[in-house]
Amino acid sequence: MLNRFVSNQISRIKHVPYQIDKNITLTDIMIILFEKGFQVLRGMWHGFFFKEKHGIIFIGKHVKIRHSRHIRTKGGLTLGYRCQINALSKGGIEFGENVSIGSGTIIECTGVIRNLGESLKIGNSVGFAQNCFIEVRGNIEIGDDCIFASGVSMAAENHVFENNEIPIRLQGETRKGIRVGKDCWIGTQAVILDGVNIGDGCVIAAGAVVNNDVPAYSIVGGVPAKIIKSRIQSIKKDVEFYYN
């Protein structure tokens, strides 16, 4: 009975059918509900300072949020244990519905206040696992239904280094931005560099370093990342032509 009740409540929050595992015990459910209760209370407090807030926010212990007035959320946001967010930026951070940010993940929009970061937009039903790092210097946009495994890094900035007479730190930066399409799976410890556009439905292998655009429905891996194959046979030739 309690399993059904909890499943129904989660379905209402996520706006999609949800069924918890039938093997979960009553004790486990009570522990989870107890933890979630405190997360909701923290979410109510932090959410009060957001620029725009809709729905329920779940926030774990020791979460640090700076410049909350630059954050907008559409509902169902979860921030795991020890997440850190610095939202100071020109366009702020927008979280879609049912976004989950794993424990230890860092979202850093601005490093130095002489040059603010641009913006971060995350679509609906996007999940980041533990210890990811999102460096929002240029614009970063992530489509709906994407999943990011643990330790993924995204950096929307490059340093200029052409002049050997001037320290690299004084030569400025370029910010082309990063875009990840809908329904992508980014593997553990993958790195996505500035200027990359990843198409819809792509799979990025664990440990890959993506420094070039990735056509839709491609599977890529390696350092630097190269196409392994296409997820759709009908576009395989087009993908091979694109990279050859």
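Predicted model, so just to flag it, every value in this text is computed and none were measured.

Quick notes on the rules
- Residues numbered from 1 in each chain as written.
- Predicted model: local features only at pLDDT ≥ 70, side-chain atom pairs only at ≥ 80, totals over all residues.
- Heavy atoms only, no water.
- Helix = DSSP H or I, 4+ residues; strand = E, 2+ residues; numbered from the N terminus.
- Buried < 20%, exposed > 50% of the residue type's maximum accessible area, 1.4 Å probe, protein only.
- Contact = heavy atoms within 4.5 Å.
- Areas by Shrake-Rupley, 256 points an atom, 1.4 Å probe, with all protein chains shown as cover.
- Pairing = 2+ DSSP bridges.
- Salt bridge = Lys/Arg side-chain N within 4 Å of Asp/Glu carboxyl O.

Student: Describe the overall build of the protein chain, listing the residues and the values that go with them.
Tutor: Per the secondary structure count, the protein chain includes three helices and 25 strands. By residue count, 40% of the 244 residues in the protein chain fall in the buried class. Across the protein chain, contacts joining residues at least 24 apart in sequence account for 28% of those joining residues at least 6 apart. When the accessible surface of the protein chain is totalled, it reaches about 13,700 Å², and 55% of it is carbon and sulfur.

Student: Quick rundown of the pairing of strand β24 (residues 218–221)? Include the residues and the values.
Tutor: Burial along β24 is two-sided: the face carrying Ser218 and Val220 and the face carrying Ile219 and Gly221 are both buried. Bridge count between strand β22 (residues 203–204) and β24: two bridges; the pairing is parallel. Residue Val203 lies in a different strand from β24, and its bridge partner there is Ile219. Relative to strand β25 (residues 226–230), β24 runs antiparallel, the two being bridged by four bridges. Its bridge partner lying in β25, Ile219 is registered against Lys229. The turn linking β24 back onto β25 is made up of four residues, and Gly222 within it adopts a positive phi angle of 105°.

Student: Give me the lowdown on the pattern of salt bridges, citing residues and values where you can.
Tutor: Enumeration according to the criterion identifies eight salt bridges in this entry. The partner of Glu135 in a salt bridge is Arg137, and the shortest N-O contact between them spans 3.8 Å. Under the relative-accessibility criterion, Glu135 is labelled buried at 16%. When salt bridges with common partners are traced through the structure, they connect Glu108, Glu135, Arg137, Glu157 and Arg175 into a single cluster.

Student: Account for the sheet that holds strand β9 (residues 106–108), naming residues and giving values.
Tutor: In a beta sheet, neighbouring strands are held together by backbone hydrogen bonds and run either parallel or antiparallel to one another. The strand order across the open sheet formed by seven strands is β3-β6-β9-β12-β15-β20-β23, and the pairing between neighbours is parallel. Two strands close off the open sheet at either side, each with one partner strand: β3 (64–66) and β23 (209–210). Examined bridge by bridge, strand β6 (residues 84–86) and β9 share three bridges and lie parallel to one another. Bridge assignment links Gln84 to a residue of β9, and that residue is Ile106.

In short, the description is geometric, and any link to function would need to be established separately.
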